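Chain and residue survey
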Amino acid sequence: MKGSHAEELLSGAGPAVAAPFGALEHESWRWSRRLTRSELAAMVRSRSYVITATPSERDRILAEVEELFAASCHRGEDGVEIVDLPYRTEAFRSIRR
């Protein structure tokens, strides 16, 4: 999988603002979403770049996601294999001067 445009922006210089706005305030939160094997595969298949990929590229992506799931999964309380998919929410605010 690849990073979103937002992830690419944040890995670089980050967002920029200009007058009449002041400096950016920034907060970040980490959280995770529990997914089963089929939920993770469905999420990956829903991404536009996976949908538009060539069949061989799509197969490669799905195989790599399957490998990652197998290496990272654990059993939930109900015995179903799950993976905790990490997320990070970034919020920015600027006040108009």
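Here goes a summary of the coordinates provided. (Residues numbered from 1 in each chain as written. Predicted model: local features only at pLDDT ≥ 70, side-chain atom pairs only at ≥ 80, totals over all residues. Heavy atoms only, no water.)

Considerations on the pattern of salt bridges
Inspection of the entire model under this criterion finds eight salt bridges. When the shortest N-O distance is used, the salt bridge between glutamate 25 and arginine 93 registers 2.8 Å. Placement of the pair is glutamate 25 in strand β1 (residues 25-36) and arginine 93 in strand β3 (residues 81-93), with a sequence separation of 68 residues. Judged by its relative accessible area of 39%, glutamate 25 falls in the partly exposed class. You can call arginine 93 partly exposed: its relative accessible area is 49%. (Salt bridge = Lys/Arg side-chain N within 4 Å of Asp/Glu carboxyl O. Helix = DSSP H or I, 4+ residues; strand = E, 2+ residues; numbered from the N terminus. Buried < 20%, exposed > 50% of the residue type's maximum accessible area, 1.4 Å probe, protein only.)

Notes on the nonpolar core
Within soluble globular proteins, side chains that are nonpolar tend to cluster in buried spots. By size, the foremost hydrophobic cluster in this structure holds ten residues: Leu35, Leu40, Met43, Val44, Val50, Ile61, Leu62, Val65, Phe69 and Val83. Ranked by residues supplied to this core, first place goes to helix α4 (residues 55-72) with four residues. Residues within four places of leucine 62 in sequence aside, it is in contact with Val44 and Arg45. (Core = buried A, V, L, I, M, F, W, Y, C linked by side-chain atoms within 4.5 Å. Contact = heavy atoms within 4.5 Å.)

Quick notes on the sheet that holds strand β2 (residues 74-75)
What the three strands build is an open sheet, ordered β1-β3-β2; its pairing is antiparallel. The outermost strands of the open sheet, each flanked by one partner alone, are β1 and β2. As judged from the twelve bridges shared by β1 and β3, these two strands associate in the antiparallel manner. Bridging from a neighbouring strand, arginine 33 pairs with leucine 85 of β3. Against the sheet, helix α2 (residues 37-45) engages β1 and β3, with an angle of about 125 degrees to β1. Set on the sheet, α4 makes contact with β1, β2 and β3; between it and β3 the angle comes to about 105 degrees. (Pairing = 2+ DSSP bridges. Axes fitted to C-alpha atoms, helices over the stretch in contact; angles between N-to-C directions.)

So, the pairing of β3
Across two bridges, β2 lies against β3 in antiparallel orientation. By the bridge assignment for β3, arginine 75 is matched with glutamate 81. Hairpin geometry of β2 and β3 is characterised by an intervening segment of five residues between the two adjacent antiparallel strands and by a positive phi of about 85 degrees at glycine 79.

Focus: the packing of aromatic side chains
By convention here, two paired aromatic rings are described through the distance between centres and the angle between planes. All chains considered together, the criterion is met by one aromatic pair. Here tryptophan 31 and tyrosine 87 contribute two aromatic rings whose centre-to-centre distance is 4.5 Å and whose plane-to-plane angle is 10 degrees, an arrangement assigned as stacked. With tryptophan 31 in strand β1 and tyrosine 87 in strand β3, the pair connects residues that are 56 residues apart, well separated along the chain. We classify tryptophan 31 as partly exposed; its relative accessible area is 41%. (Phe/Tyr/Trp six-rings, centres within 6.5 Å; stacked < 30°, edge-to-face > 60°.)

Observations regarding a nonpolar patch on the surface
A grouping of Leu10, Val17, Phe21, Leu24 and Phe92 is seen on the molecular surface, where their side chains present a nonpolar patch of about 360 Å² in accessible area. Along the chain, leucine 24 turns up in the loop between α1 (5-11) and β1. Leucine 24 gets classed as partly exposed once you look at its relative accessible area, which sits at 31%. (Patch = residues over 30% accessible without salt bridge, like charges linked within 9 Å, V, L, I, M, F, W, Y side chains within 5 Å. Areas by Shrake-Rupley, 256 points an atom, 1.4 Å probe, with all protein chains shown as cover.)

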